[in-house]
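Fold and geometry: a report
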Amino acid sequence: MKIVVLVKQVPDTFGERKLDTTTGLLDRDASEPIIDEINERALEAALQQKDADKSVEVVALSMGPSSATDALRKALAMGADRAIHVLDDSLAGADVARTTAVIGAAVASEGFDLVVAGNESTDGRGGVLASSLAETLGVAALTSIGELTVDGTSVSGVRATEYGTVTARADLPAVVSATERAPEGRFPNFKGIMTAKKKPLATVTLAELGVGDSGARSTVVSVAERPARTAGVKIVDDGTAATQLAEFLASNRLI
Ligand SMILES: Cc1cc2nc3c(=O)[nH]c(=O)nc-3n(C[C@H](O)[C@H](O)[C@H](O)COP(=O)(O)OP(=O)(O)OC[C@H]3O[C@@H](n4cnc5c(N)ncnc54)[C@H](O)[C@@H]3O)c2cc1C
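In this report, we go over the structure that sits alongside the text.

Procedures and definitions
Residues take numbers from 1 onward in each chain, read along the sequence in its written order. Under the rules for a predicted model, residues below a pLDDT of 70 receive no local features and side-chain atom pairs below 80 are neither given nor counted, while totals for whole chains, interfaces and linings still include all residues. As a convention, hydrogens and water are excluded, and side-chain values are obtained from all of the structure's heavy atoms. Secondary structure elements are taken from DSSP: a helix is a run of H or I of four residues or more, a strand is a run of E of two residues or more, and numbering for both begins at the N terminus. Only protein chains enter the calculation, and the probe is 1.4 Å; a residue is then buried if its accessible area is under 20% of its type maximum, exposed if over 50%, and partly exposed in between. Whether two residues touch is decided by their heavy atoms; if any such pair falls within 4.5 Å, the residues are in contact. All accessible-area figures derive from a Shrake-Rupley calculation using a 1.4 Å probe, and residue coverage is judged against the displayed protein chains alone. Residues enter a patch when their relative accessible area is above 30% and they make no salt bridge; the linking distance is 9 Å between like charges and 5 Å between nonpolar side chains (Val, Leu, Ile, Met, Phe, Trp, Tyr). Salt bridges, as used here, are contacts in which a Lys or Arg side-chain nitrogen is within 4 Å of a carboxyl oxygen on Asp or Glu. Proximity criterion: a residue is near a molecule or strand once any of its heavy atoms comes within 4 Å of it. Two N or O atoms count as a polar contact when they lie within 3.5 Å, although within protein this holds only if one can serve as hydrogen donor and the other as acceptor, and sequence-adjacent residues are included solely when both atoms are side-chain atoms. In this classification, Asp, Glu, Lys and Arg are treated as charged, Ala, Val, Leu, Ile, Met, Phe, Trp, Tyr, Cys and Pro as nonpolar, and every other residue, Gly included, as polar.

Helix and strand counts for the chain come out as seven helices and twelve strands. The dimensions of the chain, computed from C-alpha atoms along their principal axes, are 70 × 45 × 40 Å. Across the 255 residues of the chain, 39% fall into the buried class. Across the chain, contacts joining residues at least 24 apart in sequence account for 69% of those joining residues at least 6 apart. Working note: accessible area of the chain is about 14200 Å², and carbon and sulfur atoms make up 52% of it.

Encoded structure:
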């Protein structure tokens, strides 16, 4: 059983996340790049399958700039067996369609029984890659899954909805996207960090994947800085605080 986990490196969610107003792309120098937390959960879901069945192979895959190697090294330290880094300068600013095509080619050439992605990245927030990838690979997609169970020929998972929980099942091979209800990622221990340095991390280019340079379908046409946050309204209770608060809420259509 081979489980491929899609790992995206994103700007630290607690850092200052900025767009480059000239290119419209993420200003990656504005904050520390980290492995997206939702991907640590996706990886944990795969590693728990490996804990239960040692023959399971977990492969971490990322498409990103050279710094994405750090995110993959963390995935290896957490317990992934191998890693694949799709690295190509022409991918800067890739949109969802391009990312799907490239990751699709990488996963198809690697071979897989199950692909586990996050349900939504914290930077692009497309929330569609797992589904678009399943479509590209011609397999089923189980999206927004919390608990994951694999039994050799099928995968099932529990999805929490506002109407209750849904248990969905699909035959393998399949693509699954994990939500924040998936188990929290394990912390790499010292042994994990040391062995990660020796684990295979392959770097592949678009030429090696046989993917042409079709460019992005969607482009950013303009970028405007987010307006600076204003201090906000301060209410001093001179006996009329309740009225002031009610008026503030009403004028902002909050009540
Ligand atoms: C601010 C911003 C706005 C954007 N707006 C658009 C837009 O309107 N249209 C558009 O087509 N593109 C847009 N993009 C680009 C888009 O984010 C990238 O193409 C991205 O690689 C895929 O989209 P996503 O992360 O939003 O996907 P999502 O569907 O949110 O990602 C879900 C999961 O897919 C996997 N995944 C996603 N990207 C990668 C990767 N590079 N390597 C490995 N795994 C990955 C991860 O497991 C992730 O958790 C935007 C990017 C940014 C930063």
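Among the surface-exposed residues, V233, I235, L245, F248, L254 and I255 lie close enough to one another that they form a single nonpolar patch of about 570 Å² accessible area. Mapped onto the fold, I235 is located in the loop between α6 (206-209) and α7 (241-251).

We now examine the site of the ligand. In the vicinity of the ligand there are 26 residues, among which K8, S121, G126, G127 and L129 approach most closely. Here an oxygen atom of the ligand sits 2.7 Å away from a polar atom, N or O, in the side chain of K8. One of the backbone nitrogen or oxygen atoms of G126 is found 2.6 Å away from an oxygen atom of the ligand. For the ligand, the accessible surface in isolation is 910 Å², of which the surrounding protein chains cover 79%. When residues of the shell around the ligand are traced back to their parent elements, those giving at least two are α1 (37-52), β4 (57-63), α3 (96-110) and β6 (114-118). Classifying every residue of the shell around the ligand by side-chain character gives twelve nonpolar, nine polar and five charged.

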